[in-house]
Amino acid sequence: MEQNDLSISIMELEDLNQISDNLEKNFDDFWNYNVFKSEIENPNSKYFVCKQNNEIVGFAGISIILDTADITNIVVKKDFRNKGIGNALLNYLIEFCKSKNLSKINLEVSSNNDIAINLYKKFGFKQVGNRKNYYQNSDGLLFTKTI
Ligand SMILES: CC(C)(COP(=O)(O)OP(=O)(O)OC[C@H]1O[C@@H](n2cnc3c(N)ncnc32)[C@H](O)[C@@H]1OP(=O)(O)O)[C@@H](O)C(=O)NCCC(=O)NCCS
């Protein structure tokens, strides 16, 4: 997928190696390298990277079981937030799920992550559950979208 100078493609191990030194600093408090690597190699998971002029500016992943995808993460590089990249990644994930004839996308998000909640609602995700105190200082909100 290409939009302006953004491109989204399957995440390769080489991509992870390129960002691994600064995963936490540039992206967020995040999975460690080995967890991430095993996810990339998991045949039931699909990860995508978004690049701008060859720089990795975001990534997102899903795990697929039967006809349902679970969004495991969607993260934009800190300096590149609020420029439409999260939009592009989520749109890409949804189109990918449609192309695989999946029927549902689930995700969980912290109740204090207003930005991500806004993003998911914008794409038609509906809240279907609330895991009280799932995180240290917040609930885990369960959202779903039928496709
Ligand atoms: C959530 C995240 C991926 C959004 O990516 P982004 O590239 O900044 O988002 P975009 O610029 O594409 O904006 C998409 C939508 O997100 C919401 N949003 C983005 N920035 C926002 C802000 N500062 N305040 C409120 N809503 C915001 C809006 O709904 C926006 O749509 P709009 O521009 O039409 O209003 C990014 O903030 C991020 O990486 N956060 C840390 C990781 C994280 O929390 N991931 C979600 C885990 S469940």
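(A) Spatial organisation of the overall build of the protein chain. Each helix and strand in the protein chain was counted, giving five helices and eight strands. In the protein chain, the order of α-helices and β-strands from amino to carboxyl end is β-β-α-α-α-β-β-β-α-β-α-β-β. Against the compact-globule benchmark of 15 Å for 147 residues, the protein chain has a radius of gyration of 15 Å, which places it among compact chains. Each principal axis of the C-alpha distribution contributes one length, and for the protein chain these read about 40 × 35 × 30 Å. Taken across its 147 residues, the protein chain has 44% of its residues classed as buried. Counting only carbon and sulfur atoms, one obtains 42% of the accessible surface of the protein chain, whose full area is about 8,500 Å². The protein chain carries 17 positive and 19 negative side-chain charges, and their two centres are separated by 6 Å.

(B) Structural detail: the site of the ligand. Around the ligand lies a shell of 20 residues, among which Val 76, Asn 82, Gly 86, Asn 113 and Lys 122 are the nearest. Side-chain polar atom of Arg 81 to an oxygen atom of the ligand: 3.3 Å apart, as the coordinates give it. Interatomic distance of 3.0 Å between a side-chain N/O atom of Asn 118 and a nitrogen atom of the ligand. Contact with the protein chains hides 72% of the accessible area of the ligand, taken as 930 Å² for the molecule alone. When residues of the shell around the ligand are traced back to their parent elements, those giving at least two are strand 5 (68-76), helix 4 (85-99), strand 6 (104-110) and helix 5 (114-122). No other element matches helix 5, which puts six residues into the shell around the ligand. Taken together, the residues of the shell around the ligand sort by class into nine nonpolar, six polar and five charged. Each of domain 1 (1-102) and domain 2 (103-147) gives at least three residues to the shell around the ligand.

(C) Examining the domain arrangement of the protein chain more closely. Entries for the protein chain in the domain assignment read domain 1 (1-102) and domain 2 (103-147). Relative placement of domain 1 and domain 2: their C-alpha centres are 18 Å apart. Domain 1 puts 15 residues into the contact, and the matching count from domain 2 is twelve residues. For the pairing of domain 1 and domain 2, the buried interface totals around 1,200 Å² over both sides, and the portion due to carbon and sulfur atoms is 64%. Here domain 1 and domain 2 share six residue pairs in polar contact (both at pLDDT 80 or more) between them. Elements supplying a minimum of two residues to the side of domain 1 that touches domain 2: strand 5 and helix 4. Here the element with the most residues in the side of domain 1 that touches domain 2 is helix 4; it accounts for seven residues. When grouped by side-chain class, the residues that make up the side of domain 1 that touches domain 2 number seven nonpolar, five polar and three charged.

(D) Structural context of the side chain of Asp 139. With respect to the helices and strands, the residue Asp 139 is situated in the loop between strand 7 (126-131) and strand 8 (140-146). With a relative accessible area of 11%, Asp 139 lands in the buried category. Of the polar contacts made by the side chain of Asp 139, one reaches the side chain of Lys 132; its length is 3.2 Å. A polar contact is formed between the side chain of Asp 139 and the backbone nitrogen of Asn 133, at a distance of 2.8 Å. When near neighbours in sequence (up to four residues on either side) are disregarded, Asp 139 contacts Val 109, Ser 110, Ser 111, Asn 130, Arg 131, Lys 132, Asn 133 and Tyr 134.

About the cut-offs
Residues numbered from 1 in each chain as written. Predicted model: local features only at pLDDT ≥ 70, side-chain atom pairs only at ≥ 80, totals over all residues. Heavy atoms only, no water. Helix = DSSP H or I, 4+ residues; strand = E, 2+ residues; numbered from the N terminus. Rg over C-alpha atoms; globule rule 2.2 N^0.38 Å. Buried < 20%, exposed > 50% of the residue type's maximum accessible area, 1.4 Å probe, protein only. Areas by Shrake-Rupley, 256 points an atom, 1.4 Å probe, with all protein chains shown as cover. Lys, Arg positive; Asp, Glu negative; His and termini not counted. Charge placed at Lys NZ, Arg CZ, Asp CG, Glu CD. Near = heavy atom within 4 Å. Polar contact = N/O pair within 3.5 Å; in protein donor to acceptor, adjacent residues only side chain to side chain. Nonpolar A, V, L, I, M, F, W, Y, C, P; charged D, E, K, R; others polar. Domains from an automatic or database assignment. Contact = heavy atoms within 4.5 Å. Buried area = accessible area lost by both parts, 1.4 Å probe.

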